[in-house]
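Residues per chain are reported as follows:
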Amino acid sequence: MDRHAWRDLGSRPLFFPALSVTLGALCAPATTLEAEPFLLCAALLGALGLALARLPRTPVPGAHLVVLLALGMMGAGLACWEARVEVPPGLAAGGPAVLEGEAERVERFDGATRVRLAVALAGAPTAALEPARFRVSLSLRGEPVALLPGQRVRVEAKLAPAAPPSNPGEKDFGAARRRQGVVFTAGAHAGRVLVLSPAPAWVRELEETRMRLAVAVHAVAPSRDAAALFLTLAAGQRAELDDSWEEAFSRAGLAHVLSVSGLHVAALALMTLALLRRGLVRAGSRWRMLDARQVAAPAAVPFVWAYVVFTGNQPPAVRSAVMATVALLGLALWRRSDALNALATAAAVLVAWAPSSVVDLSLRLSFLAVLGLVLLVPALRQALPLAAPDPREPRRLWRLWGQARESVAQTLSASAAATLAGLPVVAAAFGRVSLAGLVSNIVALPLCGLLTGLAAGGAALFVVSPLLATPVLWAGAWASELLLALTRFFAAVPLAAVEVPELGGLAAALYAAGLLLWALGSGRWRQGGWLAPLAVVGAMLAPWLMPEPGLRVTFLAVGQGDAVVLSSEGHHALVDGGGVPGGADPGERFVLPYLRHAGISRLDLAVLSHPHPDHALGLATALAQVPTERLWMPAGDGDGPLSRQVVAAAREARVEEVQAGHPPLRLGEATLEVLGPPGAEDRELLEGVNDRSVVLRVRHGAVTVLLTGDVEEAGEEALLAQVDEVTVMKAPHHGSRTSSTEALLARTRPRHVVFCVGRRNRYGFPHPEVEARYRALGSECWRTDVGGAITVESDGRDVRLVSFLPPEASPTDARVADGEGHPHPRGDDFRGSRSPAVDRRPEAHARPR
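Residues numbered from 1 in each chain as written. Predicted model: local features only at pLDDT ≥ 70, side-chain atom pairs only at ≥ 80, totals over all residues. Heavy atoms only, no water.

Right, let's talk about the overall build of the chain for a bit. On a plain count of helices and strands, the chain comes out with 27 helices and 25 strands. Taken across its 849 residues, the chain has 50% of its residues classed as buried. For the chain, the share of sequence-separated contacts (at least 6 apart) that also reach a separation of at least 24 residues comes to 70%. Carbon and sulfur atoms form 62% of the exposed surface of the chain, whose accessible area is close to 39500 Å². (Helix = DSSP H or I, 4+ residues; strand = E, 2+ residues; numbered from the N terminus. Buried < 20%, exposed > 50% of the residue type's maximum accessible area, 1.4 Å probe, protein only. Contact = heavy atoms within 4.5 Å. Areas by Shrake-Rupley, 256 points an atom, 1.4 Å probe, with all protein chains shown as cover.)

One open sheet holds the seven strands; their spatial order is S15-S16-S17-S18-S19-S20-S21, and the pairing between them is mixed. The sheet is open, and its two borders are formed by strand S15 (665-667) and strand S21 (780-783), each paired with just one other strand. Taking the axes of each pair of neighbouring strands and ignoring which way they run, one obtains an average angle of 20° across the sheet. Taken together, the five bridges between strand S16 (residues 670-676) and strand S17 (residues 695-700) define a ladder with antiparallel strand orientation. (Pairing = 2+ DSSP bridges. Axes fitted to C-alpha atoms, helices over the stretch in contact; angles between N-to-C directions.)

Centre distance and the angle of the planes are the two values used to describe a pair of aromatic rings. Inspection of the entire model under this criterion finds six aromatic pairs. Each ring, one from Phe134 and one from Phe184, has its centre 5.6 Å from the other, and the planes form 70°; the classification is edge-to-face. Placement of Phe134 in strand S3 (residues 130-141) and of Phe184 in strand S5 (residues 182-189) is noted, with a sequence separation of 50 residues between them. We note that Phe134, like Phe184, is buried. Measuring from ring centre to ring centre gives 5.6 Å for Phe755 and Tyr774, while their planes differ by 85°; the resulting arrangement is edge-to-face. (Phe/Tyr/Trp six-rings, centres within 6.5 Å; stacked < 30°, edge-to-face > 60°.)

As a further point, take the layout of surface pockets. Empty space within the second largest pocket amounts to approximately 540 Å³. When residues of the lining of the second largest pocket are assigned to their parent elements, the largest contribution, seven residues, is made by helix H16 (residues 437-464). In terms of residue class, the lining of the second largest pocket is built from 15 nonpolar, four polar and two charged. (1 Å grid on protein atoms, 1.4 Å probe; cavity = no way out; pocket = protein on both sides within 12 Å on 5 of 7 lines; lining within 4 Å. Points joined across faces, edges and corners; volume = space filled by probe spheres on them. Nonpolar A, V, L, I, M, F, W, Y, C, P; charged D, E, K, R; others polar.)

Below, the discussion takes up the environment of Ala160. On the secondary structure map, Ala160 appears in strand S4 (residues 152-161). Look at Ala160 and you get buried, because its relative accessible area is 15%. It is 8.6 Å that separates the C-alpha atoms of Ala160 and Val183, two residues lying 23 residues apart in sequence.

On to the pattern of salt bridges. Taken as a whole and judged by the stated rule, the model has 28 salt bridges. For Glu406, the salt bridge is made with Arg381, and the minimal N-O distance between the two is 2.7 Å. Of the two residues, Glu406 is situated in helix H15 (residues 396-430) and Arg381 in helix H14 (residues 377-383); the sequence distance between them amounts to 25 residues. The exposure class of Arg381 is buried, given its relative accessible area of 10%. As a salt-bridge pair, Arg697 and Asp724 come within 4.0 Å of each other at their nearest N and O atoms. Linking Arg697 in strand S17 with Asp724 in the loop between helix H24 (713-719) and strand S19 (728-730), this pair joins segments that are 27 residues apart in sequence. Since its relative accessible area comes to 36%, Asp724 is described here as partly exposed. One salt-bridge network, in which partners are shared between bridges, spans Glu548, Arg552, Glu793 and Arg800. (Salt bridge = Lys/Arg side-chain N within 4 Å of Asp/Glu carboxyl O.)

Take a nonpolar patch on the surface next. A cluster of nonpolar residues, Phe16, Leu19, Leu23 and Leu26, forms a patch on the protein surface that exposes about 310 Å² of accessible area. Inspection of the secondary structure assignment puts Leu19 in helix H2 (residues 15-27). What makes Leu19 partly exposed here is its relative accessible area of 36%. (Patch = residues over 30% accessible without salt bridge, like charges linked within 9 Å, V, L, I, M, F, W, Y side chains within 5 Å.)

To continue, consider the packing of helix H7 (residues 224-235) against H16. One can describe the packing of H7 onto H16 by two numbers: an axis separation of 8 Å at closest approach and a directional angle of 70°. Classified by the angle their axes make, H7 and H16 are roughly perpendicular. The two elements H7 and H16 meet at a crossing, and its hand is right-handed. The residues of H16 that touch H7, namely those facing Phe230, Leu233 and Ala234, are Leu451, Leu454, Ala455 and Ala459. (Parallel < 35°, antiparallel > 145°, perpendicular 65-115°, else oblique. Left-handed = near helix turned anticlockwise from the far one by under 90°.)

Across the interface, helix H21 (residues 613-625) lies against helix H22 (residues 641-650) with an axial gap of 8 Å and an inter-helix angle of 20°. By the criterion of interaxial angle, the relationship of H21 to H22 is roughly parallel. For H21 against H22, the interelement crossing comes out left-handed. Residues Pro613, Ala616, Leu617, Leu619, Ala620, Leu623 and Ala624 of H21 pack against Leu642, Gln645, Val646, Ala649 and Ala650 of H22. Taken together, the residues of the contact of H21 with H22 sort by class into eleven nonpolar, one polar and no charged.

This is how it looks when you write it as structure tokens:
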């Protein structure tokens, strides 16, 4: 395989047009502008460019650039058209609503159903429905509802505007959803869904076939996980696979196996082409007059698309199916195909069909992987110090050995190319890159190809005859079991995955330029390839070059719950982790992404303040993935199921039950002192679990931070003898009426108070009278439901507090009434100004506490 050069890109007629359309869709401000001006400009520029290019004698130079600009405008217009929304005025702020529309996507999970609903009519429950155009991500609680894509439904639900990320490192799902016209999330009970129309007959038949296939596979599979993996590839039913396997496949570098991706569709296309070609050759002499490949190639196209439709039209599969179609038709018409043209065609088709796909993570990784295979594999193979096998080698054994060695070299090059091409996106999304994938793919790819054939063939045979399909399903299930074993092995290898920082815009651009210069350049231009490793090294060293505060305390926004991260001189502690019984896991969604963003891979200390779900569930998730040296639990409350769950997740951590008087712990420049719960005799007088919370005082020079858990009036009374004035205090029990007593506030007089509360929480925390009580003391109030994560930075003499969200970004009211009824602004923008937070008392900064 010859290495590509720069001129090869220009000689592909579809490459730059497809790139222009894609960049236009990607850069479009899809949620703020109308589509018509972009589309009109595209039409005018396109007509002008074609006219200039077709002048009879003197075509104007640069006419093709005008056409490319027109295509970019067209991509932007299509993106704006898809993102256009029309929401009735009474529903703009969310709240209860009646929605009517078509179910576009239905996903079922344990105990819940998630539906993407294209709303056509909407209105308040007591008002008439009005025409609307927007999409809703609807979660249905209760018994799974018999709902299929294509059905028209009416449902009464509670709308919530899509919220922006509230924590550093948190994934921003809202941007991609807004491009799809999804402006609300909503919740409803499944019993409130009224189905107004049946699904199309082919959709019902397809769903029934999938359900029968699932039953048949589970009947012959050696394990539930093997059946779930096989069904992921045969029917697109990924939800059946346990979440723990996603982590294992990611660490092993085999995450691409878990969706019907380009790998599977390409493997199916090649196998179908080979089988049809062999069948035609053996069919008789009349087919020998033709090139069997030219006949078999177009005949393979329907099989490829049937597999894509049966597995749910997943975007990476659609991309690969378009590429396979272009390649197969190229073989039929011109006896050859071109990978770059096929990739460009797939990009143009997908952007025209769904412009929002340009920000779909799996699709971006899929395109980058294919582009890496096309452009980087030849260069990487040339860099390997292995001679190509000699096809004229007379010794059969040596010839076979050379072919096997070349297959390994090509697979290693392909795996490295896919990893290198997608590294900036993977680093930004996951914070790590799998090194095990370089080897695991060499072993697993042949098995994946076999498994794809068994999955597609088994599903096709099952449609014809379930009895004939049984041996194929059995073989596929056992192949899945073998692949799970390989995954488990490679995931457990030391350094299977290494953490990498997010490169950022400039470093990512330099990295991409370096790869392209090395892969496509010649002579001295290839030396520009050093930009790629230098960009990665620079991104890794950047955090070390930035000045760090002596102590950083981050109160994460985890909904209605607590999660606090303390960092000082490379030492870290995690206090609680949030949690909602039966709800989304804040440990997976908020805590772990923040730890990865902050470069925290190990904890010196974890603390469970008390065994309640809103403190324990997310902590258990975090400790299951991040090693910790020791775990502090409240004395006397370590036997409950939540406590046991946290202890089990912490694995080899040294577990200590702590109470007031426990020896302090040094955390870098800071010291952690245990002030609660009280000793055994006094603890018996505290009836509630909240009052027996672990209370910590963090000292850093003249700065003190008081973490109060959920203590209420009785617990606060037990603290009075041990506390004095503090700089920052976490409001006890989220600002409830039963806490933050006058006695405690008079004793501590905090300059800053942080309320860890959830948006629109049903308890009404923090209660207005409690917040007013702090303001009467002159305390600056900070709320995680308004400002997102609140970060405290200390130099040992004074503190600076910043909020992750600016006030206007909060979906809730960012200005609340103070004790005298006047609006009160909230905090600073963590991503903007770096100026210290202003304290309302003139002497505050001069006399830190």
